[in-house]
Amino acid sequence: MWKPLWKLLRAGGLVLALAGLAGCSSVDPALYASEKPVLRLPGYFNGVVDAWGVFTDRSGRVVKRFTVVMRCSWTVVDGVETGVLDEQFTYSDGAQQRRVWTLRKTGAQQYVGTAEDVVGEAVGETSGNAFRWRYTLALPVEGRIWHVDFDDWMYLMDNDVMLNRAVMSKFGIRLGEVTLSFRKRPS
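Structure report, in brief. (Residues numbered from 1 in each chain as written. Predicted model: local features only at pLDDT ≥ 70, side-chain atom pairs only at ≥ 80, totals over all residues. Heavy atoms only, no water.)

1. Details of the pattern of salt bridges
Oppositely charged side chains can pair when the atoms bearing their charge come close.
(1) Moving on: All told, the structure shown has 10 salt bridges when counted by the stated rule.
(2) Moving on: Two residues, Lys105 and Glu81, come together in a salt bridge whose shortest N-O distance is 3.6 Å. Taken together, the residues span a long stretch of sequence, with Lys105 in strand β4 (residues 96-105) and Glu81 in strand β3 (residues 80-91) at a distance of 24 residues.
(3) Moving on: Accessibility expressed as a relative area gives 26% for Lys105, which makes it partly exposed.
(4) Moving on: Exposure remark for Glu81: the relative accessible area of 32% places this residue in the partly exposed category. (Salt bridge = Lys/Arg side-chain N within 4 Å of Asp/Glu carboxyl O. Helix = DSSP H or I, 4+ residues; strand = E, 2+ residues; numbered from the N terminus. Buried < 20%, exposed > 50% of the residue type's maximum accessible area, 1.4 Å probe, protein only.)

In structure tokens form, the structure reads like this:
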């Protein structure tokens, strides 16, 4: 008697959970329009920026720790502000990785970006002290490549410090989070 009831409850719970996921809405970057200091990507990501981060799985357990040194520069290419963010990752197990982003300003507050392991283009928008960045990353996992969606939010705290939280998901299911703290080096 209990087994069929348990199966029904589990199935109902799954339906409710899926309905809850479908009902989730995203925060609009415009919510941060009046927040200070105002984030200007070419101003903050110019020169060398250091970062410290963790990846946590969906239970909240820290799976990886890492540091990043970013060498950043901006130029005007064909009349468009274009930035290069050269990220050098060092993980706590000694592994290293490099990602080079190319960002282009496409509107007053809009940006697109590419990197070798990004599927298609990343799209982003600044508003006040915040930057929302959405993209799909091709991640190697146990000998296979997974396309994982990132919903990445950065918040400028002062002229030197920025906090970053990115939620990773696949098929709409949350896999974990990446949390970073950035510090801009003095020029």
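2. Considering the sheet that holds strand β8 (residues 144-156)
(1) Moving on: Here 10 strands make up a closed barrel; going around it, the order is β1-β2-β3-β4-β5-β6-β7-β8-β9-β10 and the pairing antiparallel. Adjacent strand axes in the sheet meet at a mean angle of 25°, parallel and antiparallel pairs treated alike.
(2) Moving on: Looking at chain direction, strand β2 (residues 62-77) and β3 are connected through 12 bridges and run antiparallel. Counterpart to Trp74 in the pairing with β3 is Gly83. (Pairing = 2+ DSSP bridges. Axes fitted to C-alpha atoms, helices over the stretch in contact; angles between N-to-C directions.)

3. Here's the deal with the pairing of strand β10 (residues 173-184)
(1) Moving on: As paired elements, strand β1 (residues 47-57) and β10 share nine bridges and run antiparallel to each other. Within the sheet, the bridge partner assigned to Asp57 lies in β10 and is Gly176.
(2) Moving on: Examined bridge by bridge, strand β9 (residues 161-170) and β10 share 10 bridges and lie antiparallel to one another. Residue Met168 lies in a different strand from β10, and its bridge partner there is Gly176.
(3) Moving on: Connecting the antiparallel pair β9 and β10 is a turn made up of two residues, with Phe171 showing a positive phi of about 55°.

4. A word on the packing of aromatic side chains
(1) Moving on: Tallied over the full model, the rule gives 15 aromatic pairs.
(2) Moving on: Seen from their ring centres, Phe89 and Tyr91 are 6.2 Å apart, and the 10° between their planes marks the pair as stacked.
(3) Moving on: What makes Phe89 buried here is its relative accessible area of 9%.
(4) Moving on: Members of the aromatic cluster, connected to one another through ring pairs, are Trp74, Trp101, Tyr111, Phe131, Trp133, Tyr135 and Phe150.
(5) Moving on: Across from the ring centre of Tyr91, 4.8 Å away, lies the NZ or CZ of Lys64, which sits over that ring.
(6) Moving on: A cation over a ring is seen here: Lys170 above Phe171, with NZ or CZ 4.6 Å from the ring centre. (Phe/Tyr/Trp six-rings, centres within 6.5 Å; stacked < 30°, edge-to-face > 60°. Lys NZ or Arg CZ within 6 Å of the ring centre and 35° of its normal.)

5. Focus: unusual backbone geometry
(1) Moving on: Note the cis peptide between Lys36 and Pro37, where omega equals -5°.
(2) Moving on: Here Asp78, not a glycine, exhibits a phi torsion of approximately 50°, which is positive.
(3) Moving on: Positionally, Asp78 belongs in the loop between β2 and β3.
(4) Moving on: Of note in the backbone geometry, Phe171 takes a positive phi value of approximately 55° without being a glycine.
(5) Moving on: For Phe171, the location among the structural elements is in the loop between β9 and β10.

Everything listed is a geometric property; what it means functionally is a separate question.
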